[in-house]
Amino acid sequence: MDLDDATFEAVVNAHYEPLYRFAFSLAGQEAEARDLTQEAFAQLGRKAGQIQDRSKLKSWLFTTLYRAFVDSRRWKTKHPHVEVDGIEDELPVALPHAGEGIDAALALQALKQVPDVYRAPLTLFYLEQHSYLEIAEILDVPPGTVMSRISRGRALLRQLMEDKPRKIVPLETLKSQVVS
Amino acid sequence: MNSKDAKQLLEVYRPGGADARDPQFQEALKQAGNDPALRGWFEEQRIFDTAFAEKLQGTAAPADLKDSVLATRKTVKFPLWRDRRVRAAAIAAAITVLAIAGGMQVTGKTHRFPEFRAELIEQAWDGQAHLGFESSDVQRIKLWLARHNASPDFTLPQALQETRIVGCRVVEAEGRRVPMLCLADGLKHLHLFVVNEAQFAGLPPQGTPDFEKCGGWKTTSWQHAGRTYVLTGMKYQTFVTKFRKSGRWTMSG
């Protein structure tokens, strides 16, 4: 697809917020979420010509962001001497009146405790930007796996939410209960 | 569809109605309508999911994020003679003429440092997106470079400690992926390339920077700790006063 400056700006306007939310839920830090979001758009600037079907653009951006996240996790494992994880996880700024009925801080903290493998599909599920087929393409797993991971992830999430603030159950215990 | 199957499906039914048109979900919803226990469970799920989705969708992006993203696409406008393609065509034409006139054979790429440096500088000012990544945080820049298969190992020389890192990109020249750091020095704008284990003829001697004019830009290059640095983007006066005459230039990088 052609990507002149005006088109690029329109694409950024349309997608930067949901992309950032996805990035934040994956990374848990504003700085890294910003990097991931910027990275997705920078790659769009370089590779727009490879996108034949404009209707796939949103999924392409989410896929690119997710791959950048996975790559960064691999890189951090290989290069533990570079102190990029020194920043504590942060709580995001929530828009007024968002999600009244559950505590924002608890909800997002609980989501962060859900393992990556469940958190990514679960976040895409709650962001409601994609069909299940698209989520499967973004995460590069079969649609059935997406469904089961969402189901398990949500069970973990609910348990974490219900246990807070009274008692925090060790994650390993939760995983063994839900995954088995 | 029985209630057990319906429950399994409704566990992944999205609260915003995105799945309402799917026939399988419609059937599961119908089953929930007929089974009070399933309906109660489903209602309770929906309350949680709706609240959680609103919470997640209500996460605010940083106020300046959009501007940062748009800034990475800023382009640098140059006169025609600085257009790579125009110059490449002109150079190719000149080589052809010389080769024909002198009966020369043109024998492929050179691996001399001056040509490599010229290629770096040409790539860096080619009018395409100026920065691949915008940040003033060195650690984040190193992480970005590593993600893009460029070496993140560099140290800013002492003479550049007062500058502010604006961002970076990766420049490809002679088959190498070379990190380029963009530095702001007041209103001026410097580019620093860091080349690891450069094996070129004509490298600057160890411990002594060389100062050359290259493609319309003043440059200085030096070697330190197995790396070759190329700095460019300075006006002549800045270059002379800051790096040659002031004596502030030190090879700590």
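The structure displayed is predicted, hence computed values, not measured ones.

Caption draft 1: Expanded view of the overall build of chain B. Tallying secondary structure elements over chain B gives eight helices and eight strands in all. Every one of the 253 residues in chain B was classed for burial, and the buried ones make up 47%. The long-range fraction of contacts in chain B, counting pairs at least 24 apart against all pairs at least 6 apart in sequence, stands at 62%.

Caption draft 2: Layout of the packing of aromatic side chains. Summed over all chains, the structure comprises 13 aromatic pairs over all chains. Ring centres of Y20 of chain A and F24 of chain A lie 6.0 Å apart, and the angle between their planes is 40°; on these two criteria the pair is classed as tilted. Pair noted here: Y20 of chain A and F24 of chain A are both in helix α1 (residues 5-27), with a separation of four residues, about one helical turn. Note on accessibility: Y20 of chain A and F24 of chain A belong to one class, buried. Among the aromatic residues, those joined into a cluster by ring pairs are F125 and Y126 of chain A together with F48 and F52 of chain B. When the ring centre of F48 of chain B is taken as reference, the NZ or CZ atom of R158 of chain A above it lies at 4.5 Å. Positioned above the aromatic ring of F154 of chain B is the side chain of K142 of chain B, whose terminal nitrogen or guanidinium carbon lies 5.0 Å from the ring centre.

Caption draft 3: A look at the packing of helix α5 (residues 116-127) of chain A against helix α3 (residues 36-57) of chain B. At their nearest, the axes of α5 of chain A and α3 of chain B sit 8 Å apart, and the two run at 95° to each other. The orientation of α5 of chain A with respect to α3 of chain B, classified from their angle, is roughly perpendicular. Within the contact between the two elements, α5 of chain A uses T123, F125, Y126 and L127 of chain A and α3 of chain B uses F48, D49, F52, A53, L56 and Q57 of chain B. Partitioning the contact of α5 of chain A with α3 of chain B into residue classes produces seven nonpolar, two polar and one charged.

Caption draft 4: Region of the structure containing the nonpolar core. F22, F41, L44, Y126 and L157 of chain A are the most contacted members of the largest nonpolar core, which has 70 residues in total. In terms of residue count, the dominant contributor to this core is α1 of chain A (eleven residues). Not counting the four nearest positions on each side in its chain, F22 of chain A is found in contact with F62, L65, Y66, A120, T123, L124 and L127 of chain A. Judged by nonpolar contacts, the second largest core, of 19 residues, contains L156, I165, L181 and W222 of chain B.

Caption draft 5: Up close: the interface of chain A and chain B. Facing the 61 residues of chain A at the interface are 45 residues of chain B. Buried surface at the junction of chain A and chain B, summed over both partners, amounts to about 5000 Å²; 61% is from carbon and sulfur atoms. Three residues stand out in chain A for area buried against chain B, namely Q38, Y126 and R158 of chain A, and they jointly supply 14% of the buried area on that side. Here chain A and chain B share four salt bridges between them. For the side of chain A that touches chain B, the elements supplying multiple residues, two or more each, are α1, α2 (30-47), α3 (57-78), β1 (93-94), α4 (104-113), α5, α6 (132-139) and α7 (143-163) of chain A. For the side of chain A that touches chain B, the element with the highest residue contribution is α2 of chain A, accounting for 13 residues. Counted by class, the side of chain A that touches chain B contains 33 nonpolar, ten polar and 18 charged residues.

Caption draft 6: Local environment of the pairing of strand β3 (residues 164-173) of chain B. Residues and elements named next belong to chain B. In terms of burial, β3 is a largely internal element, seven of the ten residues being buried. Strand direction decides the pairing type here: strand β2 (residues 133-134) and β3, joined by two bridges, are antiparallel. Residue pairing across strands places F133 opposite C168, the latter belonging to β3. Pairing between β3 and strand β4 (residues 176-185): nine bridges, direction antiparallel. Residue pairing across strands places I165 opposite L183, the latter belonging to β4. Where β3 hands over to β4, the hairpin turn is made up of two residues, of which E174 adopts a positive phi near 50°.

Caption draft 7: Region of the structure containing unusual backbone geometry. With a phi angle near 55°, E128 of chain A is a residue other than glycine that sits in the positive phi range. With respect to the helices and strands, E128 of chain A occurs in the loop between α5 and α6. Relative accessible area serves as the criterion here: at 24%, E128 of chain A is assigned to the partly exposed category. Although it is not a glycine, N149 of chain B sits at a positive phi angle of roughly 55°. Taking the relative accessible area as the measure of exposure, N149 of chain B reaches 62% and is therefore exposed.

What counts and how
- Residues numbered from 1 in each chain as written.
- Chains lettered and ligands numbered in written order.
- Predicted model: local features only at pLDDT ≥ 70, side-chain atom pairs only at ≥ 80, totals over all residues.
- Heavy atoms only, no water.
- Helix = DSSP H or I, 4+ residues; strand = E, 2+ residues; numbered from the N terminus.
- Buried < 20%, exposed > 50% of the residue type's maximum accessible area, 1.4 Å probe, protein only.
- Contact = heavy atoms within 4.5 Å.
- Phe/Tyr/Trp six-rings, centres within 6.5 Å; stacked < 30°, edge-to-face > 60°.
- Lys NZ or Arg CZ within 6 Å of the ring centre and 35° of its normal.
- Axes fitted to C-alpha atoms, helices over the stretch in contact; angles between N-to-C directions.
- Parallel < 35°, antiparallel > 145°, perpendicular 65-115°, else oblique.
- Nonpolar A, V, L, I, M, F, W, Y, C, P; charged D, E, K, R; others polar.
- Core = buried A, V, L, I, M, F, W, Y, C linked by side-chain atoms within 4.5 Å.
- Buried area = accessible area lost by both parts, 1.4 Å probe.
- Salt bridge = Lys/Arg side-chain N within 4 Å of Asp/Glu carboxyl O.
- Pairing = 2+ DSSP bridges.

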